[in-house]
Amino acid sequence: MLRFHWFLPTSGDGDQVGAATVTAGAADHRRAATLDYLAEVAEAAEDNGFTGALTPVGSGCPDPWIVCSAVAARTSRLKFLVALRPGFALPTLIAQQAQAFTQLAGDRLALNVVTGGDSGEQRAYGDFLDHDARYARTREFLQVLRESFVGEPFDFHGEHFRIERGGLKQPQSPAVPVYFGGASPAAEQVAARLADTYLMWGEPPAAIARRADRMRTLAAAHGRELRLGIRLHVIARETAEEAWAEADRLLAGMSPERIAAAQARFSTMDSVGQARMAALHGGSAAKLVIAPNLWAGVGLVREGAGTALVGSYAEVAERLREYAALGLSEFILSGWPHREEAERVGRHVLPLLAESAVPA
């Protein structure tokens, strides 16, 4: 069954492509990320068929635990994919926080584990590990986290974490699912062993098919099965002409200075996924349609997920079906402004996929 999630713009929102966390090249935020506004976005997602909402994590946005705890009190069904950086807090503490969240809000929590692909930002937090060492720490983090959820005392002796008689006093039930992304070989190995859902940023279906096949093979080697998901923006309108006109409007709002600043910033990152996003457009607005209805313009100024499905409601639904046919079952979508686009996509696109969707 398919699950559709939305996105909480915790850095602010507006009618232009905005950054999730990194400020280089970001558009001005016309709507502040107040509790009232984020609750409006969450309520729009909840009322229009979305299962959950993803939050970003990083130096350019507020702490996801605090934000999601506050917004959860303003909603009743929506799940929250709380993003976290492994290693910035002990996994035993994260287990305790997750259990407290579920005790107060119910079965509405998932963890989106973000290892981090910007070494400059990592160092600003006080983390000086290199790329592969960060993923080695993530592997240990998830091992300890899962053991903590069992609710029995345990010991763990690793390179990055050492636990003596740790763990929750009671088992965490229901289990908190772990979402995880990363395009490097180190990331794929961690996902295959320890994630519940492996997330990819939007690439053409042929590239996603290869990655999906590889992840299924890696997981099978560990005797496991992974759910697979994709993170995409959406520009859907009644007609294709209207949708592409909106994409053109967004592109017109990206000045050469914004694009240059963003691309210079992204080039310093050691994220393999970010490099894959940049390769889709090469920093140029000359050729942004990289597959049917798949537009790479977002990645000119926004870090992370840099592609959008653009087209009529029927076309966007058909492209989502194509990804689903590759074995993907989790879709994290977004659009600007997030409140209005949650309503638009929920009312006009999700019903076309209703037979396969998990009810919100």
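Residues numbered from 1 in each chain as written. Predicted model: local features only at pLDDT ≥ 70, side-chain atom pairs only at ≥ 80, totals over all residues. Heavy atoms only, no water.

Trainee: How would you explain the overall build of the protein if you had to name every residue and give the values?
Mentor: A tally of helices and strands in the protein yields 12 helices and 13 strands. For 360 residues, the compact-globule estimate of 2.2 N^0.38 gives 21 Å, and the C-alpha radius of gyration of the protein, at 19 Å, lies within 12% of that figure. For the C-alpha atoms alone, the extent of the protein along its principal axes is close to 60 × 40 × 40 Å. Within the protein, buried positions represent 56% of all 360 residues. Across the protein, every contact between residues at least 6 apart in sequence was considered, and the portion connecting residues at least 24 apart equals 74%. By element, 52% of the accessible surface of the protein is carried by carbon and sulfur atoms, the whole surface being about 14,500 Å². Computed over 36 positive and 42 negative side-chain charges, the inter-centroid distance for the protein is 3 Å. (Helix = DSSP H or I, 4+ residues; strand = E, 2+ residues; numbered from the N terminus. Rg over C-alpha atoms; globule rule 2.2 N^0.38 Å. Buried < 20%, exposed > 50% of the residue type's maximum accessible area, 1.4 Å probe, protein only. Contact = heavy atoms within 4.5 Å. Areas by Shrake-Rupley, 256 points an atom, 1.4 Å probe, with all protein chains shown as cover. Lys, Arg positive; Asp, Glu negative; His and termini not counted. Charge placed at Lys NZ, Arg CZ, Asp CG, Glu CD.)

Trainee: So what's going on with the packing of aromatic side chains? Which residues, and what values?
Mentor: The full count for this structure, using the stated rule, is 7 aromatic pairs. Site record: aromatic cluster; members linked through ring pairs are Trp 65, Phe 80 and Phe 101. A cation over a ring is seen here: Arg 302 above Phe 7, with NZ or CZ 5.6 Å from the ring centre. (Phe/Tyr/Trp six-rings, centres within 6.5 Å; stacked < 30°, edge-to-face > 60°. Lys NZ or Arg CZ within 6 Å of the ring centre and 35° of its normal.)

Trainee: With reference to specific residues and values, describe the pattern of salt bridges.
Mentor: Evaluation of the coordinates by the stated rule reveals 23 salt bridges. A salt bridge links Arg 162 to Glu 164, with the shortest nitrogen-to-oxygen separation between them at 3.3 Å. No difference in accessibility class separates Arg 162 from Glu 164, as the two residues are exposed. Residues Arg 216 and Asp 213 are paired through a salt bridge, measuring 2.7 Å at the closest nitrogen-oxygen approach. Within this pair, Arg 216 and its partner Asp 213 are both found in helix 7 (residues 205–221), separated by 3 residues, close to a single helical turn. Taking relative accessible area as the criterion, Arg 216 reaches 35% and is therefore assigned partly exposed. Through salt bridges that share partners, Arg 237, Glu 246, Arg 249, Glu 341 and Arg 344 make up one connected network. (Salt bridge = Lys/Arg side-chain N within 4 Å of Asp/Glu carboxyl O.)

Trainee: Requested: an account of the packing of helix 3 (residues 91–105) against helix 5 (residues 131–150), with residues and values cited.
Mentor: Contact geometry of helix 3 with helix 5 gives a least axis separation of 8 Å together with a crossing angle of 45 degrees. Accordingly, the angle class assigned to the pair helix 3 and helix 5 is oblique. In this structure, helix 3 crosses over helix 5, and the sense of that crossing is right-handed. Two secondary-structure elements touch here, helix 3 through Pro 91, Thr 92, Ile 94, Ala 95 and Ala 98 and helix 5 through Phe 141, Val 144, Leu 145, Ser 148 and Phe 149. (Axes fitted to C-alpha atoms, helices over the stretch in contact; angles between N-to-C directions. Parallel < 35°, antiparallel > 145°, perpendicular 65-115°, else oblique. Left-handed = near helix turned anticlockwise from the far one by under 90°.)

Trainee: Let's hear about the pairing of strand 4 (residues 109–113): which residues, and what values?
Mentor: Most of strand 4 is tucked away: 5 of the 5 residues are buried. Of the two faces of strand 4, both are covered, the one formed by Leu 109, Leu 111 and Val 113 as well as the one formed by Ala 110 and Asn 112. Two strands pair when backbone bridges link them, and strand 3 (residues 79–84) and strand 4 are joined in this way by 5 bridges, in the parallel orientation. When the sheet's bridge partners are listed, Ala 83 is paired in strand 4 with Asn 112. Note on the crossover from strand 3 through helix 3 to strand 4: the handedness is right-handed. Where strand 4 and strand 7 (residues 178–181) come together, 3 bridges link them in parallel fashion. Bridge pairing in strand 7 links Val 113 to Phe 180. (Pairing = 2+ DSSP bridges. Right-handed = clockwise from strand over helix to strand, strands pointing away.)

Function cannot be read off these values alone, since they describe shape.
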